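# Understanding the architecture of this molecule
Below are the chains, spelled out letter by letter.
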Amino acid sequence: MLSRGVLTASRAGRAPGVGAARARGIVYANISQTVGRTPVVRINRLAPPGVEVYAKLEYFNPLSSVKDRLGLAIIEHAERKGLLKPGDTVVEATSGNTGISLAMMCAQRGYRCVICMAESFSVERRKIMRALGAKVVLTPASERGTGMVKKAQELSRQHGWYLARQFENEANREYHAMTTGPEILQDFAGRRLDYWVTGYGTGGTFAGAGMMIKAARPEVKIVLSEPVSAALVTSGIGQEREADGSPAATHPAFKPHPIQGWTPDFIPMNLSAGLDAKLHDEVITVTGEESIATSLSLAQHEGIFTGISGGAGMATALKVAASAPKGSAILVMLPDTAERYLSTPLFAKIEAEMDEGELEISRSTPGFQL
């Protein structure tokens, strides 16, 4: 439950405890203080004429994803509740970005970190977590997201480790309500904002930031996006759950998709909180192919280097822009950096060696040729 002060600040378009964009010249006490206050950037070459499209670049967080907010939120919440003490172990199931964030926070605070991750997620994610000192336990791809969640639960019960429970933990959406939502309201104070576009992984960004945006500016339409092949919300089918709210089984509408970090094989409790509050005005589906193509277009035409999930979000925003009234302003969340996807289909056609065009450039002068 959010305090009256937070909601009052939101309605006024102010950010409670959130400053302007991160400024140069500030000296931070530790890495956790650099989380948030990510920039909003206008899309100039991909947006259709007559409509303004903006992107909130969450890869400006210290470990390059929106999940840095979540990792900090979970650790600080557990510390306040007395659930973590020096030397304890944090365990969690993740597609990678939450695990990277938790590994960073645990390293900064002196906790041990164990991450459970399905073997299908990108290799660079597990390497980053291990570089941060975490132990990474891989689970069979055939068991999908529910398998890695159940493995983390097993380890927590067996060893007495603190289970982060990103998919159910209320600290997730509350932190977005305290930071992400107010940041957006602050950035668009006195400016037009007609649509806010977001996908979902845990649903924390949608539920937390979405609540604050709707409270302050109810005219803003919230567009939720999900993969065509995993249209869980669109299906209208509920999620089978355990007593603690965690998934009991794979959702029947789920099929594998390449948009890592988006739409696990179940509807998380944090997502359900936003759905139950009827925060969204529309759900738009997106394919893996158009997500990858849009991610590459952002890189090559806007200089914005975001992952497949960012491509999915932008592809959705451009669909909204195509039918939006002239003069509309659209903001989309770009969750992470393309560098998390080097071993994925996003880079399948990006070669390491010189192509014919590059060789021709090299041969245009006589020296230093391979």
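Everything below is about the structure printed above this text.
Counting from 1, residues in each chain are numbered in the order their sequence is written. Side-chain atom pairs in this predicted model are given and counted only at pLDDT of 80 or more, local residue features only at pLDDT of at least 70, and totals for whole chains, interfaces and linings cover all residues. Processing note: side-chain calculations cover all non-hydrogen atoms of the structure and skip hydrogens and water entirely.

## As for the sheet that holds strand β5 (residues 135-139)
Spatial ordering of the open sheet is given by β5-β4-β3-β6, a layout of four strands whose pairing is parallel. In the strand order of this sheet, the two ends are held by β5 and β6 (162-163), each with one partner. At least two DSSP bridges between two strands are needed for those strands to be called paired. A run of DSSP states H or I qualifies as a helix once it reaches four residues; a run of E qualifies as a strand once it reaches two. Both are numbered from the N-terminal end. Two strands pair when backbone bridges link them, and strand β4 (residues 112-118) and β5 are joined in this way by five bridges, in the parallel orientation. In the sheet register, Met 117 faces β5, and the bridge partner there is Leu 138. Any pair of residues with heavy atoms lying within 4.5 Å of one another is described as a contacting pair. Interaxial angle, 0 to 180 degrees, is taken between N-to-C directions of lines fitted to C-alpha atoms, where a helix line uses only the stretch in contact. With respect to the sheet, helix α3 (residues 97-109) is in contact with β3 (89-93) and β4, its orientation differing from that of β4 by roughly 175°.

## Here's the deal with the state of the cysteines
In this description, a disulfide is simply a cysteine sulfur pair whose atoms lie within 2.5 Å. Going through the model one piece at a time under the given rule, you end up with zero disulfides. Its sulfur unpaired, Cys 113 is 4.3 Å from the next cysteine sulfur, which belongs to Cys 106. For Cys 113, a relative accessible area of 6% translates into the label buried. No disulfide involves Cys 116; its sulfur sits 9.9 Å from the nearest other cysteine sulfur, which is in Cys 113. Accessibility expressed as a relative area gives 0% for Cys 116, which makes it buried. Residue exposure (1.4 Å probe, protein chains only): buried if accessible area is under 20% of the type maximum, exposed if over 50%, otherwise partly exposed.

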